[in-house]
Amino acid sequence: MRNTVYKNLVKILFVVASLFTLVSSVQAHEFKVHKNIVWASPKNFPLTLDLYVPSTGKANYPVLIIYHGGGWLINNNSIMNSMAEYVATHGEFVVANVNYRLLPDNQNTTTINEIVEDAMGATLWVKDNIAQYGGDPKRIAVTGDSAGGHLASMIVTSGRNLTSDGFSAKGLGFHPTYLPKGKTAEQLAKADALKVQAAVISYGAFDMYANASNGFEKPSNIFWALAKAEARGIFGKTINVTDNADYYKAVSPIYNIPAAANYKLPPQFIHVGSTDNTTPPASVKLYVDALQKAGQPVEFKLYEGKNHAFLDSGCNEFLKTCFDKDAPNTLNDIIQFLEKTLK
């Protein structure tokens, strides 16, 4: 009797293992990568992106644009290589992994609005060029973690606030780093050219006014030391958070959420780890609540036991996170959300 039960159990386990192998083989596929494509050179500072294209034989694919984190001060797009590869192999998406200027670039003169303009420019470049790489410019999602989540959120909330005058006392509008040939910022704003079809915000930062009020621009912010840069105002020497709160709020998604009756934002999936002390769940939930109050479509998930930056490549000894351990189940949720919204 025991032998029969044992044999049947072995058969069942064999079938389950076979099914798992089959599912895995269906999910995982090859991709082609195009590295270091220069998409703009603001102030002679070359900006690049990497494109990951699935090899499953479809005529075109929806597109996911990734903006990396690092407090606007450190890292480059390589920190998101593992995420880009995972999405390209386990989902059917063209993935654009983007570099943008950091605050210490150009002799520590880059301003936060210029970083937002880089993010906007990258999205416009992708829309303008992705078809030649097999991507569908009408099915675009943006994503980012931490500071990258801030940039993705700025595209979603402020993508129509464009002006040729750029960010100044005249209007605090944005002039994207890349413009399609023959188009002005005003024409792009009128056409809603930065509109995307979905957004995934991973433990994002949504309030630069609060960040600056709480010491972001001071040496006590460890990211300045990590970047080996002198702490300073994120808008330069003449703008400060006390006298120019409107500048800081203009680059803060939480102050720029439109009512759905006036303008409907794309569906968003926003998540954070329960042990995240860098972008705490409470701060993320404030943004989610504000979206819901405005009638905007949003899904929220709290991942128990996860810390900050768990979607980054490799392991972070300080945060006790590792991509292979912490990222896959969240990435599977992200892929499922994107498949649902970009179908």
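Note that the structure is predicted; figures quoted are calculated from it, not measured.

J.: What is the right way to read the pairing of strand 2 (residues 47-54) from this model?
T.: When you tally the buried positions in strand 2, you get eight out of eight residues, the bulk of the element. The alternating pattern of strand 2 places Leu47, Leu49, Leu51 and Val53 on one face and Thr48, Asp50, Tyr52 and Pro54 on the opposite face, and all of these are buried. Pairing of strand 1 (residues 31-40) with strand 2, which is carried by seven bridges, proceeds in the antiparallel orientation. Within strand 2, the position partnered with Ile37 by the bridge is Leu49. Connecting strand 1 to the antiparallel partner strand 2 that follows it, the hairpin turn spans six residues, and Lys43 within it adopts a positive phi of roughly 50°.

J.: Hey, could you run me through helix 5 (residues 147-158) in this one?
T.: One turn of an α-helix holds 3.6 residues; hence residues three or four places apart share an orientation. Its 12 residues place the ends of helix 5 16 Å apart at the C-alpha level, agreeing with the 16 Å of an ideal helix rising 1.5 Å per residue. Counting buried positions along helix 5 yields 12 of 12 residues, so the element is predominantly enclosed. If you check which residues of helix 5 are buried, you get Ala147, Gly148, Gly149, His150, Leu151, Ala152, Ser153, Met154, Ile155, Val156, Thr157 and Ser158.

J.: Explain the sheet that holds strand 1 to me, please; I cannot follow it from the model alone.
T.: Within a sheet, neighbouring strands are paired by backbone hydrogen bonds and run either parallel or antiparallel to one another. One open sheet holds the eight strands; their spatial order is 1-2-4-3-5-6-7-8, and the pairing between them is mixed. Edge positions in the sheet fall to strand 1 and strand 8 (298-303), since each has one partner strand and no second. Here the average twist between neighbouring strands, direction ignored, is 20°. Here strand 3 (residues 61-67) pairs with strand 4 (residues 94-98) via five bridges, running parallel. By the bridge assignment, Val63 is partnered in strand 4 with Val94. Running at roughly 160° to strand 3, helix 4 (residues 112-129) makes contact with strand 1, strand 2, strand 3, strand 4 and strand 5 (135-145) of the sheet. In this fold helix 12 (residues 328-341) packs onto strand 3, strand 5, strand 6 (198-202), strand 7 (268-273) and strand 8, with an angle of close to 165° to the strand it touches most, strand 6.

J.: Mind showing me how you'd approach the confidence of the model for the chain here?
T.: Low pLDDT means the predicted atomic positions in that stretch should not be read closely. Model confidence for the chain is summarised by a mean pLDDT of 93, while 92% of its residues fall at 70 or above. Taken together, the stretch residues 1-26 has pLDDT below 50 and engages in zero contacts with residues farther than four places along the chain or on a different chain.

J.: Help me understand the environment of Met83, please; the structure alone is not making it clear to me.
T.: Following the sequence through the fold, Met83 ends up in helix 2 (residues 81-90). Classification of Met83 by relative accessible area gives buried; the value is 2%. Spatially, the C-alpha atoms of Met83 and Glu186 are 34 Å apart, while their sequence positions differ by 103 residues. Each residue touching Met83, except ones within four places of it in the same chain, is listed here: Leu64, Ile66, Thr143, Leu311, Phe323 and Leu331.

J.: What am I meant to see in the packing of helix 2 against helix 12 here?
T.: For any two helices packed against each other, the geometry is given by the interaxial angle and the distance between the axes. Across the interface, helix 2 lies against helix 12 with an axial gap of 11 Å and an inter-helix angle of 55°. As summarised for this structure, helix 2 and helix 12 are arranged oblique, according to the angle between their axes. Where helix 2 crosses over helix 12, the handedness of that crossing is right-handed. On helix 12, the residues touching Met83, Tyr86, Val87 and His90 of helix 2 are Pro328, Leu331, Asn332 and Ile335. Considered class by class, the residues forming the contact of helix 2 with helix 12 number six nonpolar, two polar and no charged.

What counts, and at which threshold
Each chain carries its own residue numbering, running from 1 in the direction its sequence is written. Totals for whole chains, interfaces and linings use every residue, but because this is a predicted model, local features are given only for residues with pLDDT of at least 70 and side-chain atom pairs only at 80 or more, for both listing and counting. For the side-chain quantities, the full set of heavy atoms in the structure was used; hydrogens and water were omitted. Burial here depends on accessible area, computed with a 1.4 Å probe over protein chains only, as a share of the maximum for the residue type. Under 20% is buried, over 50% is exposed, and the range in between is partly exposed. Put simply, DSSP marks the helices as runs of H or I at least four residues long and the strands as runs of E at least two long, and each gets a number from the N terminus on. In this description, strands pair whenever DSSP reports at least two bridges between them. Expected span of a helix, by definition, is 1.5 Å for each gap between consecutive residues, and there is one gap fewer than residues. Axes, fitted as lines to C-alpha atoms, cover a helix only where it is in contact. Angles between the N-to-C directions of the axes lie from 0 to 180 degrees. Here, two residues are considered to be in contact whenever any of their heavy atoms come within 4.5 Å of each other. Per-residue confidence from the prediction method is given by pLDDT, with values spanning 0 to 100. An angle counts as roughly parallel when it lies under 35 degrees, as roughly antiparallel when it exceeds 145, as roughly perpendicular when it falls between 65 and 115, and as oblique in every other case. For a crossing to be left-handed, the near helix must be turned anticlockwise from the far one by less than a right angle; the clockwise case is right-handed. Each residue receives one of three labels: charged for Asp, Glu, Lys and Arg, nonpolar for Ala, Val, Leu, Ile, Met, Phe, Trp, Tyr, Cys and Pro, and polar for the others, Gly being one of them.

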